[in-house]
Amino acid sequence: MGFVEVGELSEVPVGKMKMFKVGGKEYLVANVNGNYYSIGNRCTHANADLSQGSLEGNVVTYPKHKSKFDVTTGKVISGPKMLFIHSKINDDPSYEVKVEGNALLLKIG
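Residues numbered from 1 in each chain as written. Predicted model: local features only at pLDDT ≥ 70, side-chain atom pairs only at ≥ 80, totals over all residues. Heavy atoms only, no water.

With that settled, consider unusual backbone geometry. One non-glycine residue, asparagine 33, lies in positive phi territory at about 55°. Here asparagine 33 is to be found in the loop between strand S3 (25-32) and strand S4 (35-40). The exposure class of asparagine 33 is exposed, given its relative accessible area of 68%. (Helix = DSSP H or I, 4+ residues; strand = E, 2+ residues; numbered from the N terminus. Buried < 20%, exposed > 50% of the residue type's maximum accessible area, 1.4 Å probe, protein only.)

Quick look at the structure:
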């Protein structure tokens, strides 16, 4: 499919993230020190909305289960923190981001 415009740079300031929907699919775009990255917006543990979490550096943490993902790669940093449960979770897919002028574009397969 190639690159698709999802929004403007001003929608994702440094240290912030935002969910964008394209064709019914959700993508999380994060601005880490002026560089833009994108992963799937759903936690692979509970299908929860990662955009409701917090971003510290390049790590997004989902607030309820404390699962952590690296927004630069989609890799799992740590799984859910639930008493006596140690679920294995999968990495989130990552997507290439391109900036053209003030536009944010995602490469969607």
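The sheet built from four strands is open, its strands ordered S2-S3-S4-S9 with antiparallel pairing. Of all strands in the sheet, those bounded by a partner on one side alone are strand S2 (17-22) and strand S9 (94-95). Of the pairings in the sheet, the one linking S4 to S9 comprises two bridges and is antiparallel in character. Directly across from isoleucine 39, in S9, lies its bridge partner serine 94. (Pairing = 2+ DSSP bridges.)

It is worth spelling out the pattern of salt bridges at this point. Using the criterion set out here, one finds four salt bridges in the structure. Among the salt bridges present, the one from arginine 42 reaches glutamate 26, with a minimum N-O distance of 3.0 Å. Here glutamate 26 lies in strand S3 and arginine 42 lies in the loop between S4 and strand S5 (54-56), a separation of 16 residues in the sequence. Given a relative accessible area of 17%, glutamate 26 falls into the buried group. (Salt bridge = Lys/Arg side-chain N within 4 Å of Asp/Glu carboxyl O.)

What follows is about the environment of glutamate 26. Linking glutamate 26 and leucine 50, residues 24 residues apart in sequence, is a C-alpha distance of 10.0 Å. In this structure, glutamate 26 is in contact with Met19, Phe20, Lys21, Gly40, Asn41 and Arg42, ignoring residues within four places of it in sequence. Within polar-contact distance, the side chain of glutamate 26 engages the side chain of asparagine 41 at 2.9 Å. (Contact = heavy atoms within 4.5 Å. Polar contact = N/O pair within 3.5 Å; in protein donor to acceptor, adjacent residues only side chain to side chain.)

Strand order in the open sheet formed by four strands is S5-S6-S7-S8, and the pairing between neighbours is antiparallel. Lying at the two open borders of the sheet, with one neighbouring strand each, are S5 and strand S8 (76-78). When the angles between neighbouring strand axes are averaged without regard to direction, this sheet yields 30°. Bridging between strand S7 (residues 68-70) and S8 involves two bridges; their strand directions are antiparallel. Bridging from a neighbouring strand, phenylalanine 69 pairs with valine 76 of S8. (Axes fitted to C-alpha atoms, helices over the stretch in contact; angles between N-to-C directions.)

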